[in-house]
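Observations on the model geometry
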Amino acid sequence: MAPVGIIMGSQSDWPTMREAARVLDELGVGYETRIVSAHRTPDRLWSYGKEARSRGIRVIIAGAGGAAHLPGMMASKTSVPVVGVPIETKALGGLDSLYSIVQMPRGFPVATMAIGAAGAVNGALMAAAILAVSDDALAQRLDSWREALSASVPEVPHD
C-alpha cells in the first residue's frame, strides 16, 4: 500500500498537486491520488478518512481552493497527519484557501503549507519528513534531495 494519500477537491487542483506527486516520485515514496470534494462528495471524504489508516496511508496531503474545507474535514475524520495545500484561486489569489486551511479549531490540526505549487512541493517534503522519522533510507534520500537543492544555488549571480 502507498503510505501517502494525495487528495484534492477537484480535477482543476491536479496541476498544483501534481508537484507533490513529482517530489514523492523523486524521493521514491509511494502515493495514491484521489479527488475527494468536501462539498460535492462528502460520503467519499468520510470513507477516505475513516479507512485511511487501515489501508496503510500514513500521511495525507490535501489540496483545496476557495472555501478549502477538505484538509480540515479530513483531519476531523482521521488520526493520520494531514498536510494542507491552499490552491491559488482567481478571485482572491489563494488567500481564501490559506485562511480556510490554517484556521482550524483546537483538536484538529492541519500542517498548512504555502499557496500553490510551492506549497504542494513543501507538502510532499513534509510528508516525506514525517515518514522518515521511522525510515532511515528515506531520511537519507531526503537529505540527498536537500543537498542537491543547496548545490543548485549559485554562489555568484550571473547573466
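As a reminder, the structure under discussion sits directly above these lines.
A few points on the structure. (Residues numbered from 1 in each chain as written. Predicted model: local features only at pLDDT ≥ 70, side-chain atom pairs only at ≥ 80, totals over all residues. Heavy atoms only, no water.)

1. Re the overall build of the protein
From N to C terminus, the protein includes 6 helices and 5 strands. In sequence order, the protein lays out its α and β elements as β-α-β-α-β-α-β-α-β-α-α. A compact globule built from 159 residues would reach a C-alpha radius of gyration of about 15 Å, and the protein, at 16 Å, matches this within 12%. Considering only C-alpha atoms, the protein reaches an extent of 50 × 40 × 30 Å along its principal axes. The long-range fraction of contacts in the protein, counting pairs at least 24 apart against all pairs at least 6 apart in sequence, stands at 66%. When the accessible surface of the protein is totalled, it reaches about 8,500 Å², and 55% of it is carbon and sulfur. (Helix = DSSP H or I, 4+ residues; strand = E, 2+ residues; numbered from the N terminus. Rg over C-alpha atoms; globule rule 2.2 N^0.38 Å. Contact = heavy atoms within 4.5 Å. Areas by Shrake-Rupley, 256 points an atom, 1.4 Å probe, with all protein chains shown as cover.)

2. Section: the layout of surface pockets
Computed from the structure, the largest pocket encloses a volume of approximately 170 Å³. Split into classes, the residues belonging to the lining of the largest pocket amount to 5 nonpolar, 6 polar and 2 charged. (1 Å grid on protein atoms, 1.4 Å probe; cavity = no way out; pocket = protein on both sides within 12 Å on 5 of 7 lines; lining within 4 Å. Points joined across faces, edges and corners; volume = space filled by probe spheres on them. Nonpolar A, V, L, I, M, F, W, Y, C, P; charged D, E, K, R; others polar.)

3. Looking at the side chain of aspartate 13
Position of aspartate 13 among the secondary structure elements: in the loop between β1 (4–8) and α1 (14–27). Here aspartate 13 sits buried without a salt bridge, and the closest side chain of opposite charge, arginine 40, lies 6.4 Å off (N-O distance). The residues contacting aspartate 13, other than those within four sequence positions of it, are Met8, Gly63, Ala64, Gly65 and Ile87. (Buried < 20%, exposed > 50% of the residue type's maximum accessible area, 1.4 Å probe, protein only. Lys, Arg positive; Asp, Glu negative; His and termini not counted. Salt bridge = Lys/Arg side-chain N within 4 Å of Asp/Glu carboxyl O.)

4. Section: the sheet that holds strand β4 (residues 82–86)
Strand order in the open sheet made by the 5 strands is β2-β1-β3-β4-β5, with parallel pairing throughout. The open sheet has two edge strands with one neighbour each: β2 (31–35) and β5 (111–112). The pairing of β4 with β5 spans 2 bridges and is classified as parallel. By the bridge assignment, glycine 84 is partnered in β5 with threonine 112. Strands β1, β3 (59–64) and β4 of the sheet are contacted by helix α3 (residues 70–77), whose axis makes an angle of about 150° with β3. Taken strand by strand, helix α5 (residues 117–132) contacts β1, β3 and β4, and its axis lies near 165° from that of β3. (Pairing = 2+ DSSP bridges. Axes fitted to C-alpha atoms, helices over the stretch in contact; angles between N-to-C directions.)

5. Structural notes on the packing of helix α2 (residues 42–51) against α3
Packing of α2 against α3 brings their axes to within 8 Å, and their N-to-C directions diverge by 50°. Here α2 lies oblique to α3, going by the angle between them. Pair α2 / α3 crosses with right-handed handedness. For the pair α2 and α3, the contacting residues are Leu45, Trp46, Tyr48, Gly49 and Lys50 in the first and Leu70, Met73, Met74 and Lys77 in the second. Residue classes in the contact of α2 with α3 are distributed as 6 nonpolar, 1 polar and 2 charged. (Parallel < 35°, antiparallel > 145°, perpendicular 65-115°, else oblique. Left-handed = near helix turned anticlockwise from the far one by under 90°.)

6. As for the pairing of β1
Along any regular strand, the residues point their side chains to alternate faces of the sheet. The buried fraction of β1 is high, at 5 of 5 residues. Going residue by residue along β1, you find Val4, Ile6 and Met8 tucked away on one face and Gly5 and Ile7 tucked away on the opposite face as well. In the sheet, β1 pairs with β2 via 5 bridges, with the strands oriented parallel. Bridge pairing in β2 links isoleucine 6 to threonine 33.

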